[in-house]
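# Breakdown of the fold
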Amino acid sequence: MSDARCRHGFAATAEHPRGALAGLGALLLPPEAGGPSSQQLAGVLGGYLRRTPHPVGPAVRAVAGALDGAARLLDGDRLVDLDLATRERMLDRLASSPRTELLLDGLKALVLLTHGADAFADELLDRAGRDVPARPDAAMTVVPSTQLAATVRTDVVVVGSGAGGAMAARQLAAAGLEVLVVEEGRRFGVEDFRTTHPLERWTAMYRDAGTTAAVGNPPVVLPLGRGVGGTTLVNSGTSFRTPDRVLGRWRDRHGVDLADAAGFSGLLDEVERTIATAPVPADVMGRNGELTLVGAERLGWSSGPLVRNAPGCGGCCQCALGCPRNAKYGVHLNALPQACELGARIVSEARVTRVLHDGGRVTGVLARRPDGSALRIEAPRVVVACGTTETPPLLMRSGLGGHRQLGRNLALHPAVGASARFAEPVTSWVGVLQSAQVDQFHASDGIMLEATAMPPGMGSIGMPGYGRALVAELDRAEHYASLGAMIADAPAGSVRRIGGRTLIRYQLTRTDGHRLLRAIALMGRVLLAAGGDEVVTGLPGQPPVTDVEELDRVLADADPRRLHLTAFHPTGTARMGADAQRSPVDERGRLRGAEGLWVADGSVVPSCPEVNPQVTIMALALGIADGIVAHG
Ligand SMILES: Cc1cc2nc3c(=O)[nH]c(=O)nc-3n(C[C@H](O)[C@H](O)[C@H](O)COP(=O)(O)OP(=O)(O)OC[C@H]3O[C@@H](n4cnc5c(N)ncnc54)[C@H](O)[C@@H]3O)c2cc1C
Ligand code: SF4
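Only a predicted model underlies this, so the values are computations on that prediction, with no experimental measurement involved. (Residues numbered from 1 in each chain as written. Chains lettered and ligands numbered in written order. Predicted model: local features only at pLDDT ≥ 70, side-chain atom pairs only at ≥ 80, totals over all residues. Heavy atoms only, no water.)

Attention now moves to the site of ligand 1. If you check the shell around ligand 1, you find 39 residues, and the closest are Glu183, Thr231, Thr238, Gly602 and Gln614. In this structure, Gly602 approaches ligand 1 through a main-chain N or O atom, which is 2.8 Å from an oxygen atom. Protein burial of ligand 1: of its 1000 Å² of free accessible surface, 96% is covered by the chains. For the shell around ligand 1, the secondary-structure elements that each account for two or more residues are helix H7 (163–174), strand S13 (351–358) and helix H19 (614–631). (Near = heavy atom within 4 Å. Polar contact = N/O pair within 3.5 Å; in protein donor to acceptor, adjacent residues only side chain to side chain. Areas by Shrake-Rupley, 256 points an atom, 1.4 Å probe, with all protein chains shown as cover. Helix = DSSP H or I, 4+ residues; strand = E, 2+ residues; numbered from the N terminus.)

Take a look at the structure:
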């Protein structure tokens, strides 16, 4: 597929004007009703699909091709050539069956995400270009892997440079150890975030171009960051301390002494100092957050601005694409440069394929470079911090996956969204992306509501309807406010290696499914109390509701297995604990059955932390690294 054009560096593909992707565009966003040019939309979608890993792109093209084929079979014309009424009949048929509706919603999300990001690219980049960065990029010793000799030696290798890896690296370097951090992704800088098309950023900074998902009923979309700084590059900056009740559970039920609230609070303090947390200031909160607080206040529910690590935030709502002001203070701006100042080096663009060991004693790691060559790093200590979904597969393919619980106990802190249309313009994409919390039901029910918008244009994926109705809603996008809700879930998933590939599974429990429906009910109440005219519940096939009675009626009949779920906080697949049978990693972070190997990322978190987890993961990593220094 050749490139059609380059806009802000995003290469769209030259799709056939009457091809299957153009047909898909015409079906979902009909140009006759004011939708975009189907060919242009097809080119942008094609460009995105080209960047997705096998088999996502071919699969989407195959489904679009099947729809096009069905149109030809039934009506004798290509999908793009059918008249609007015939396409609408086709949409009705697809939306009326649960099986095809799930497929249709998946295609709709892709079309709206890519079209919305492209349509708003100029506005987003203009805004990014106008803002003066709060700080320059930090000085770091980052060496692209191809510039290293084939074999190097060091005292300790840290695999992964995200929340956990960065904090561990800094602590180890501070103790005088020679540290090499190995990161699969590349280094991104503020100029990337100020000048690059949003879709280019999305596909470069997320694993699998943002298409990672857990298989289950329902499936769960699971975005994961990849780059120097890990997922902190793209996260929303929300910074919660681990609740004491959760720490108590980890200490008492899992035997994790590190989680003793008195000692752990020192680690949390240190994390907060390092990443500079503070409540969202009123002047960048944005209308989306303000309306959330208004709704909660009218209901008498506990709420407030979120605490974030973003000193100098200008409220441009692009956190999920990298911060163009360098305000969001991810670990690429603090812990990693601090580690480098203490002598650590970061090797970028090297995927560690195996941890090397001899008779159970770790001897280093083997990594693959972009040119296919091998990089061997010899070290007596290895800290694995690849993230919850990548750490178990690395240990398994290294022959260190013997513990029966490794890869199990995956908790996701699953999330649902709801939005509401207001008479006033809300312009949710002006202001902080994640700005305010409603924590009234957090301790009692494990449900946390957070005012969450999407980067400019991308929020359209939550719009209701298809076809003509969808185009009409896109025209009113400015009037929508949106909320997200996360629930403290039971561990219900796993990460496995099957046929050389990683398979993530997650089967929502019945209890958690109903908790998610309750979360939608709570979000709907906040939005209605804030003055929303119509609430979009996100439940498939359900029209917007206008009052609480209707909301409850719709939810009473809803099936949790048809929810559209996303999760941003996977944890637990190598949980730490004192019980050798239950926990693959001991209470000090050491992988059982290996010598010289520690794990220090989201995978060691013993159970769902019930809050956005970056601070918890960082504090655990600090504690584990302190243990390495103290005990060797
Ligand atoms: C969109 C989004 C928004 C979020 N918002 C928030 C928020 O507001 N607040 C919050 O607390 N949490 C948030 N999170 C979650 C939080 O950022 C993560 O939980 C946290 O960063 C996980 O830390 P980690 O060290 O386990 O892994 P990561 O930070 O994901 O780091 C793992 C690193 O390891 C690298 N790696 C993986 N495999 C290999 C390999 N084989 N070789 C070399 N390198 C490898 C990866 O490329 C990655 O850079 C968000 C997540 C997402 C996706
Ligand atoms: S809203 Fe996010 S991306 Fe925008 S300036 Fe603030 S932290 Fe950065």
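From this point, the narrative continues.
Moving on, we get to helix H9 (residues 198–205). In terms of residue burial, H9 counts as a mostly covered element, since seven of its eight residues are buried. Taken residue by residue, H9 has Pro198, Leu199, Glu200, Arg201, Trp202, Thr203 and Met205 as its buried positions. The inward-facing, buried residues of H9 abut strand S2 (10–13), helix H2 (38–51), helix H5 (98–119), helix H6 (121–130) and helix H8 (190–195). (Buried < 20%, exposed > 50% of the residue type's maximum accessible area, 1.4 Å probe, protein only. Contact = heavy atoms within 4.5 Å.)

Attention now goes to the pattern of salt bridges. In total, this model carries 39 salt bridges according to the counting rule given. The shortest N-O distance in the salt bridge between Arg273 and Glu270 comes to 3.0 Å. Separated by three residues within a single helix, Arg273 and Glu270 lie in helix H11 (residues 261–275), roughly one turn from each other. Given the relative accessible area of 59%, Arg273 is considered exposed. Residue class for Glu270 comes out partly exposed when judged on its relative accessible area of 22%. A salt bridge links Arg515 to Asp512; its shortest N-O distance comes to 2.9 Å. Placement of both Arg515 and Asp512 in helix H17 (residues 510–529) is noted, with a separation of three residues, approximately one turn of the helix. Looking at Asp512, the relative accessible area reads 1%, which means it is buried. Here the residues in one salt-bridge network are Glu184, Arg207, Arg226, Arg351 and Glu390, joined through shared partners. (Salt bridge = Lys/Arg side-chain N within 4 Å of Asp/Glu carboxyl O.)

Let's shift gears to the site of ligand 2. Taken together, 13 residues lie around ligand 2, and Cys313, Gly314, Cys316, Cys319 and Cys323 are the ones closest in. Across the shell around ligand 2, the residue classes break down as seven nonpolar, three polar and three charged. (Nonpolar A, V, L, I, M, F, W, Y, C, P; charged D, E, K, R; others polar.)

Mapped onto the elements of the fold, Arg226 is located in the loop between strand S8 (220–221) and helix H10 (244–254). Here Arg226 falls in the partly exposed class, since its relative accessible area comes to 26%. For Arg226 and Gly34, which are 192 residues apart along the polypeptide, the C-alpha to C-alpha distance reads 37 Å. Non-local contacts of Arg226, meaning those with residues more than four positions away in its chain, are made with Glu183, Glu184, Gly185, Phe188, Ala204, Met205, Tyr206 and Arg207. A distance of 3.3 Å separates the side chain of Arg226 from the side chain of Glu184, its partner in a polar contact.

Mapped onto the elements, Arg369 comes out in the loop between strand S14 (361–368) and strand S15 (374–378). Only 2.8 Å separates the side chain of Arg369 from the backbone oxygen of Leu148, close enough to count as a polar contact. Beyond its immediate chain neighbours, meaning those up to four positions away, Arg369 contacts Ser145, Thr146, Leu148, Ala149, Ala150, Glu349, Ala374 and Leu375.

With that settled, consider the pairing of strand S20 (residues 480–487). In terms of burial, S20 is a largely internal element, eight of the eight residues being buried. On S20, burial covers both faces: Tyr480, Ser482, Gly484 and Met486 on one face and Ala481, Leu483, Ala485 and Ile487 on the other are all buried. Bridging between strand S17 (residues 415–421) and S20 involves seven bridges; their strand directions are antiparallel. Looking across to S20, one finds that Ala420 is bridged to Ala481. Note: strand S19 (residues 447–452) against S20, five bridges, orientation antiparallel. (Pairing = 2+ DSSP bridges.)

Strand order across the open sheet formed by four strands is S4-S15-S14-S13, with mixed pairing between neighbours. Only two strands of the sheet have a single partner each, and these edge strands are strand S4 (151–153) and S13. For this sheet the average axis-to-axis angle between neighbouring strands, irrespective of direction, equals 25°. Pairing of S13 with S14, which is carried by seven bridges, proceeds in the antiparallel orientation. Bridge pairing in S14 places Arg351 opposite Arg368. (Axes fitted to C-alpha atoms, helices over the stretch in contact; angles between N-to-C directions.)

Ordered in space as S3-S12-S6-S5-S16-S25, the six strands form an open sheet in which the pairing is parallel. With one partner strand each, in any of the chains shown, strand S3 (142–144) and strand S25 (597–599) form the two edges of the open sheet. Taking the axes of each pair of neighbouring strands and ignoring which way they run, one obtains an average angle of 20° across the sheet. Sheet analysis places strand S6 (residues 179–182) next to strand S12 (residues 345–348), joined by three bridges and oriented parallel. From the neighbouring strand, Val182 faces S12, where its bridge partner is Val347.

Take the packing of aromatic side chains next. Applying the stated criterion across every chain yields a total of three aromatic pairs. Here Phe120 and Trp429 contribute two aromatic rings whose centre-to-centre distance is 5.4 Å and whose plane-to-plane angle is 80°, an arrangement assigned as edge-to-face. Of this pair, Phe120 sits in the loop between H5 and H6 while Trp429 is found in the loop between S17 and strand S18 (434–438), placing the two residues 309 residues apart along the sequence. Take Trp429: its relative accessible area is 11%, and that puts it in the buried class. Ring centres of Trp202 and Tyr206 lie 4.5 Å apart, and the angle between their planes is 35°; on these two criteria the pair is classed as tilted. We note that Trp202, like Tyr206, is buried. Lys108 extends its terminal NZ or CZ atom over the ring of Tyr466, reaching a point 5.0 Å from the ring centre. (Phe/Tyr/Trp six-rings, centres within 6.5 Å; stacked < 30°, edge-to-face > 60°. Lys NZ or Arg CZ within 6 Å of the ring centre and 35° of its normal.)

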